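# A look at the structure
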Amino acid sequence: MLEVILSALILLGALFTFIGSLGLARLEDFYTRLHGPTKATTLGVGSLLIASMVYFSTRGEGLSLHELLVTLFLFITAPVSAHLLAKAALHLRLRSLAVVPPRAEASAPQQANRDAPSDETVQR
Amino acid sequence: MLSTAVSIAFLLVGAAFVMALLRLLYGPDQPDRILALDTLYVNTVALLVLLGIHLGSALYFEAALLIAMMGFVGTVALCKYLLRGDIIE
């Protein structure tokens, strides 16, 4: 029974890790690509860490809570790094699949002059 | 059963590594490459945890924890560099 639960958790975790990286490789623009690793991969690694926690807790050497540290750390830092990456991408004005709102379009030239040295970085 | 599951998981995480590596090589912009590096270190944590289960040794968590912390610091530093042109102002 325990082995079934462990195997299911491990397979689920590896599958989500794989799907997250597949999204990173296959999606169209940076803002959609950001979703794969920051959500799917975090869930996958969390699932693997829970599997490891159960595995080492049931070997008769007492509770094993090291993994909780890694899980907590990953779950706290993943949104922060995703936010910073999105900020950097917006700053560099990367190509986006979404339609740009008209007000942002109107204010784009001034901002481009202020932020970026050349007009080639504005790819809209 | 557990060893089969761990073997399949090794394969899947290895494939995830290859995908992130492809994005690191071909990613058209700098944020894509930083995101690929971020994914690589999260995948490394997954791989180390799997190795711990495979070998039955609890020794690998310290390595996983260190990689998680250092990877986060690296991502933040690279993003700050892109945002401000400098890391520590």
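Thresholds, definitions, all that
- Residues numbered from 1 in each chain as written.
- Chains lettered and ligands numbered in written order.
- Predicted model: local features only at pLDDT ≥ 70, side-chain atom pairs only at ≥ 80, totals over all residues.
- Heavy atoms only, no water.
- UniProt positions renumbered as here; feature names shortened; annotations may be inferred.
- Helix = DSSP H or I, 4+ residues; strand = E, 2+ residues; numbered from the N terminus.
- Rg over C-alpha atoms; globule rule 2.2 N^0.38 Å.
- Salt bridge = Lys/Arg side-chain N within 4 Å of Asp/Glu carboxyl O.
- Buried < 20%, exposed > 50% of the residue type's maximum accessible area, 1.4 Å probe, protein only.
- Phe/Tyr/Trp six-rings, centres within 6.5 Å; stacked < 30°, edge-to-face > 60°.
- Contact = heavy atoms within 4.5 Å.
- Buried area = accessible area lost by both parts, 1.4 Å probe.
- Nonpolar A, V, L, I, M, F, W, Y, C, P; charged D, E, K, R; others polar.
- Core = buried A, V, L, I, M, F, W, Y, C linked by side-chain atoms within 4.5 Å.

Chain B goes by K+/H+ antiporter subunit F in an unreviewed UniProt entry, where it is assigned to Marichromatium bheemlicum. Per UniProt, chain B has the following entry under Subcellular location (unreviewed entry): "Cell membrane". In UniProt, chain B has this text filed under Sequence similarities (unreviewed entry): "Belongs to the CPA3 antiporters (TC 2.A.63) subunit F family."

Chain A goes by Na+/H+ antiporter subunit G in an unreviewed UniProt entry, where it is assigned to Marichromatium bheemlicum.

## Quick look at the overall build of chain B
A tally of regular secondary structure across chain B gives 3 helices and 0 strands. For chain B, the N- to C-terminal ordering of α and β elements is α-α-α. Since a compact globule built from 89 residues should have a radius of gyration of about 12 Å, the 16 Å found for chain B marks it as more spread out than a globular shape. Projecting the C-alpha coordinates of chain B onto the three principal axes gives extents of approximately 50 × 30 × 10 Å.

## Focus on the UniProt feature "transmembrane region" (unreviewed entry) in chain B
As recorded in UniProt, the feature "transmembrane region" (unreviewed entry) lies at residues 6-26, 38-57 and 63-83 of chain B. In the segment residues 6-26 of chain B, helix accounts for 100% and strand for 0%; the C-alpha atoms at its two ends are 30 Å apart.

## Some details on the pattern of salt bridges
A complete count under the given rule lists 1 salt bridge over all chains for this structure. Residue Asp32 of chain B pairs with Arg33 of chain A through a salt bridge whose shortest N-O separation is 2.3 Å. With Asp32 of chain B in helix 2 (residues 30-55) and Arg33 of chain A in helix 2 (residues 30-33), this pair bridges two chains. With respect to class, Asp32 of chain B is no different from Arg33 of chain A; both count as buried.

## Looking at the packing of aromatic side chains
Using the criterion set out here, one finds 4 aromatic pairs over all chains in the structure. Judged by centre distance (5.1 Å) and plane angle (80°), the rings of Tyr55 of chain A and Phe56 of chain A are edge-to-face. Since its relative accessible area comes to 5%, Phe56 of chain A is described here as buried. Between Phe73 of chain A and Phe72 of chain B, the ring centres sit 6.3 Å apart and the planes meet at 90°, which makes this aromatic pair edge-to-face. You can see Phe73 of chain A sitting in helix 4 (residues 66-91) and its partner Phe72 of chain B sitting in helix 3 (residues 60-84), one on each of two chains. When its relative accessible area of 18% is taken as the criterion, Phe72 of chain B is described as buried. Among the aromatic residues, those joined into a cluster by ring pairs are Tyr55 and Phe56 of chain A together with Phe61 of chain B.

## Things to note about the interface of chain A and chain B
Facing 46 residues of chain A, the contacting portion of chain B comprises 46 residues. Each partner contributes to the roughly 4,100 Å² buried at the junction of chain A and chain B, and carbon and sulfur atoms together form 82% of this total. At the surface where chain A touches chain B, the tally comes to 1 salt bridge. Residue assignment for the side of chain A that touches chain B shows that the elements contributing at least two residues are helix 1 (2-26), helix 2, helix 3 (35-57) and helix 4 of chain A. Among the residues forming the side of chain A that touches chain B, the class breakdown is 31 nonpolar, 9 polar and 6 charged.

## Re the nonpolar core
Ile10, Val45, Leu49, Tyr55 and Leu74 of chain A together with Val45 and Leu50 of chain B are the most contacted members of the largest nonpolar core, which totals 30 residues. Where this core is concerned, the elements lending two or more residues are helix 1, helix 3 and helix 4 of chain A together with helix 1 (2-26), helix 2 and helix 3 of chain B. If you tally residues by element for this core, the top one is helix 2 of chain B, at 8 residues. Beyond its immediate chain neighbours, meaning those up to four positions away, Leu74 of chain A contacts Thr42, Val45 and Leu49 of chain A together with Tyr41, Val42 and Val45 of chain B. One finds Leu24 and Leu34 of chain A together with Leu35 and Ala36 of chain B within the second-largest nonpolar core, a separate group that totals 17 residues.

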